[in-house]
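The primary structure of each chain is shown beneath.
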Amino acid sequence: MLDDLFSASDDQNRYRLTLLKKLSQSTNPSRIKDAVVDFQVLSELHDRLAAILAKLDLGTAGIQYFAGSVLRSEIFQMQHRERNDRHIHAAAFVAHQFYRCQDNMIDLWLSVMASFKSAAARDYQETLVQERKDQQRQIGIVVEGLETSVFGVLRNIRGVMAAANLSDAQKVTATQTLLNQSKTDDFDQLKNDLAATASEAGWHDILEARSVKLQNRLSPLLRALSFMPNKRAIALLEAIDHFRNDGEMSAAHAPMGFLDVAQKDALVRGDGSFRVSLYKVFLFQAVTTAIKSGNLNVEQSYKYRPMDAYLIDRSRWHREKARLLERAGLTELADPEPVLTRPNVALTAEYWATNDRAAGNLHLKLRKDGTFHIATPALDARDSDPLGDLFPQRHDVALAQVLETVNNHCNMLRSFEHWQQTHVRQATIRDNWDDLLRLVATIKPKDNTASDIFRRLNSYSRQHTLYQTMKAFGQIIKSLFILRYVDDLALRQAIEKQLNKVELANRFTRAVAIGNPREYTQTEKKEQEIAEACNCLIRNAIICWNYLYLARQVEKAPDPEARETLLRLIAAHSPMSWAHINMLGEYDFSEEKLRDTLGILPPKMAA
């Protein structure tokens, strides 16, 4: 079975393994269907390999390690591996691509829904603008009609009442006749238009009109994806199963437990017919919300598993909590009360100190709305880049020379490895302290990576309780910092100085990334990481060369006093300077470079 991956299909010249390497991120319906077909192939392979993968027990890091080698290898390189080694790599590749494929399909789903929402909102806004124009025109018609249908009738009634030749019965009859002549059609039309605008009927019409295009993209994905059971999404999972099984779409049979009252009412037209297209839009929207809120999760996934799957298993945590805390060096944090007491005491003291000195703080301005503004005097401009004058003043240092010099001093090339991967609401804080400890105890021994955990936390549209706990604890630290920032001018100036260094680092990165300084030309995440690593390597090499050059300047200092001054200057400022580096290469047309080195004889001169 695994060896079939290294053979070419009958109708294509490319190997099956090669065809499964690339994941399409296109939202074109045909490309989405192709992605679903690839997923089905991977799903079948993964199911057949489930027992083997369970026995291998590679874990997430192991799967990514072996799969990374496959993704970077050519077919002939894989075929030259020993049979068992090749099969382990291929099994890990299938698992890895199976996980990535599900992540990719959910990413496609969210991307399509975001585009759909933006397009529908744009259409709705245009509809509202047109309706507003129509209403303004209708208001003008109604105002003009008031002159005849209301004020004109009132004048005529006043004339009838003042007529001395009419009896009371005749006046009543004449008044009734005049009232019956008044027309309110225009006013009724305006009232109906305003009522329609106030309701969501127009919005639902737009959603229904755009439903078919949305179905073409999302229906294959919803039929392919398999979500984990969740008590909080029972009604939605029932609707998904009904949709996946092509159940009858009618008011009597379509599950509607996941809809609110207004949505249920909108699904039935005035004539009693059921709006199937609108129902599917509501279903897709509910699935999107549930994915973002964490109510819908995928078991075999890198990005969309339940939050608990990224942490130490809960049963293991309760069973081995003391040992796990000791392993992570967190034993003293087991009880939240002492941990919270220290920052609370410091926060109270900082409030008193800042408020006591607020009256004498010349840089603190209170606004009328109760907010405040704190100013920070600028530093001396001469401190911005005092090291720049110490470097060569021309672009005459070739980048290749920089890299070679740095390598000669630190042998950085020996560190390169081929294809290797390294494996304040205090009630909220107290209530979830145990989960917070479990998070830290998971990250610190590297049971799971912080990037995976926080990427999942950040994907929730409704904040996860663990995220809220960290946020509440962080508010204590943030409050302490704000109070110190308001009260301490030296701290504010130091921060401004560091922010200037950050901006300098950003400019440095753009200077090194010649051609496309603000965007990646690579599409795959791994290729982007390689490009960023290359950029980082060059930046670090230039900084290292600058330090080597500055060390030479220190050695050449004329006297000890000048040497100490130079050392203090270097220690206090950043060596991120690149004006003297030639980033664009070297074009050498000297006689030495132009001279023939291959022994090609010059042409014979004509006699």
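Here is what the cut-offs are and how they apply
- Residues numbered from 1 in each chain as written.
- Predicted model: local features only at pLDDT ≥ 70, side-chain atom pairs only at ≥ 80, totals over all residues.
- Heavy atoms only, no water.
- Phe/Tyr/Trp six-rings, centres within 6.5 Å; stacked < 30°, edge-to-face > 60°.
- Buried < 20%, exposed > 50% of the residue type's maximum accessible area, 1.4 Å probe, protein only.
- Lys NZ or Arg CZ within 6 Å of the ring centre and 35° of its normal.
- Core = buried A, V, L, I, M, F, W, Y, C linked by side-chain atoms within 4.5 Å.
- Helix = DSSP H or I, 4+ residues; strand = E, 2+ residues; numbered from the N terminus.
- Contact = heavy atoms within 4.5 Å.
- Axes fitted to C-alpha atoms, helices over the stretch in contact; angles between N-to-C directions.
- Parallel < 35°, antiparallel > 145°, perpendicular 65-115°, else oblique.
- Nonpolar A, V, L, I, M, F, W, Y, C, P; charged D, E, K, R; others polar.
- Salt bridge = Lys/Arg side-chain N within 4 Å of Asp/Glu carboxyl O.
- Expected span 1.5 Å × (residues − 1).
- Polar contact = N/O pair within 3.5 Å; in protein donor to acceptor, adjacent residues only side chain to side chain.
- pLDDT = per-residue confidence, 0-100.
- Lys, Arg positive; Asp, Glu negative; His and termini not counted.
- Patch = residues over 30% accessible without salt bridge, like charges linked within 9 Å, V, L, I, M, F, W, Y side chains within 5 Å.
- Areas by Shrake-Rupley, 256 points an atom, 1.4 Å probe, with all protein chains shown as cover.
- Disulfide = S-S within 2.5 Å.

1. With respect to the packing of aromatic side chains
Alright, step 1. Within this structure, the stated rule accounts for 12 aromatic pairs.
Alright, step 2. Ring centres of Phe274 and Tyr279 lie 5.8 Å apart, and the angle between their planes is 50°; this geometry places the pair in the tilted category. Pair check on accessibility: Phe274 and Tyr279 agree, each one buried.
Alright, step 3. By way of ring pairs, the aromatic residues Phe39, Phe98, Tyr99 and Tyr302 are connected into one cluster.
Alright, step 4. A cation over an aromatic ring shows up here: Arg305 above the ring of Tyr310, its NZ or CZ 4.3 Å from the ring centre.

2. Points about the nonpolar core
Alright, step 1. Counting 65 residues, the largest nonpolar core has Trp109, Phe227, Leu236, Val287 and Leu296 as its most contacted members.
Alright, step 2. When residues of this core are assigned to their parent elements, the largest contribution, 18 residues, is made by helix 5 (residues 83–162).
Alright, step 3. Among residues more than four places away in sequence, those in contact with Leu236 are Phe258, Leu283, Ala286, Val287, Ala290 and Leu296.

3. Quick notes on the environment of Ala572
Alright, step 1. Looking at the secondary structure, you find Ala572 in helix 22 (residues 560–572).
Alright, step 2. Residues within four places of Ala572 in sequence aside, it is in contact with Lys497 and Lys501.

4. Some remarks on the packing of helix 17 (residues 433–443) against helix 19 (residues 465–487)
Alright, step 1. Interhelical geometry of helix 17 versus helix 19 gives an angle of 95° and a closest axis separation of 10 Å. Classed by the angle they form, the pair helix 17 and helix 19 counts as roughly perpendicular. On helix 19, the residues touching Trp433, Asp435, Leu436 and Leu439 of helix 17 are Leu466, Thr469, Met470 and Phe473.
Alright, step 2. Residue classes in the contact of helix 17 with helix 19 are distributed as 6 nonpolar, 1 polar and 1 charged.

5. Some points on the pattern of salt bridges
Alright, step 1. Overall, the coordinates contain 21 salt bridges when judged by the stated rule.
Alright, step 2. Across the salt bridge formed by Arg357 and Asp487, the nearest N and O atoms sit 2.3 Å from each other.
Alright, step 3. We classify Arg357 as partly exposed; its relative accessible area is 46%.
Alright, step 4. The salt bridge partner of Arg438 is Asp435, with a shortest N-O separation of 3.6 Å. A residue pair is termed a helical-turn pair when its members lie 3 or 4 positions apart in one helix, as Arg438 and Asp435 do in helix 17 at 3 residues.
Alright, step 5. According to the relative accessible area criterion, Arg438 is buried, its value standing at 0%.

6. Let's talk about helix 22
Alright, step 1. Taking 1.5 Å of rise per residue, 13 residues should cover 18 Å, and helix 22 covers 18 Å from first to last C-alpha, within 8% of that figure.
Alright, step 2. The N-cap of helix 22, judged by a side-chain oxygen 3.1 Å from the amide nitrogen of Glu561 a few residues on, is Asp559.

7. With respect to the confidence of the model for the protein chain
Alright, step 1. A residue-level look at the protein chain finds 80% of positions with pLDDT of 70 or above and a mean pLDDT of 80.
Alright, step 2. Ignoring residues within four places in sequence, the model shows residues 418–423, a span with pLDDT below 50, making 13 contacts including any to other chains.

8. Some thoughts on the side chain of Glu350
Alright, step 1. Mapped onto the elements of the fold, Glu350 is located in helix 14 (residues 336–358).
Alright, step 2. Although buried, Glu350 forms no salt bridge, and the nearest oppositely charged side chain, Arg357, lies 4.8 Å from it.
Alright, step 3. Setting aside residues up to four positions removed in sequence, Glu350 forms contacts with Leu480, Leu483 and Arg484.

9. Here's the deal with the packing of helix 18 (residues 450–458) against helix 19
Alright, step 1. Where helix 18 contacts helix 19, the two axes come as close as 9 Å, and the packing angle between them is 100°. Relative to helix 19, the element helix 18 is oriented roughly perpendicular. Taking contact as the criterion, the partners of Phe454, Leu457 and Asn458 in helix 18 are, on helix 19, Leu466, Tyr467 and Met470.
Alright, step 2. Of the residues belonging to the contact of helix 18 with helix 19, the class tally is 5 nonpolar, 1 polar and no charged.

10. Details of a nonpolar patch on the surface
Alright, step 1. Together, Leu366, Phe372, Phe481 and Ile482 make up a nonpolar patch on the protein surface, roughly 400 Å² of accessible area in all.
Alright, step 2. Residue placement: Ile482 occurs in helix 19.
Alright, step 3. Assessed through its relative accessible area of 37%, Ile482 is described here as partly exposed.

11. Side note on unusual backbone geometry
Alright, step 1. Located in the positive-phi region is Asp57, a residue other than glycine, with phi close to 50°.
Alright, step 2. With respect to the helices, strands and loops of the structure, Asp57 is situated in the loop between helix 2 (29–56) and helix 3 (59–72).
Alright, step 3. Owing to a relative accessible area of 62%, Asp57 belongs among the exposed residues under this scheme.

12. Quick word on the environment of Ile476
Alright, step 1. Examined against the element boundaries, Ile476 turns out to sit in helix 19.
Alright, step 2. C-alpha of Ile476 to C-alpha of Gln426: the two residues are 50 residues apart in sequence and 9.5 Å apart in space.

13. Topic: the state of the cysteines
Alright, step 1. Applying the stated criterion across every chain yields a total of 0 disulfides.
Alright, step 2. Unpaired in terms of disulfides, Cys536 finds its nearest cysteine sulfur in Cys534, a separation of 10.0 Å.

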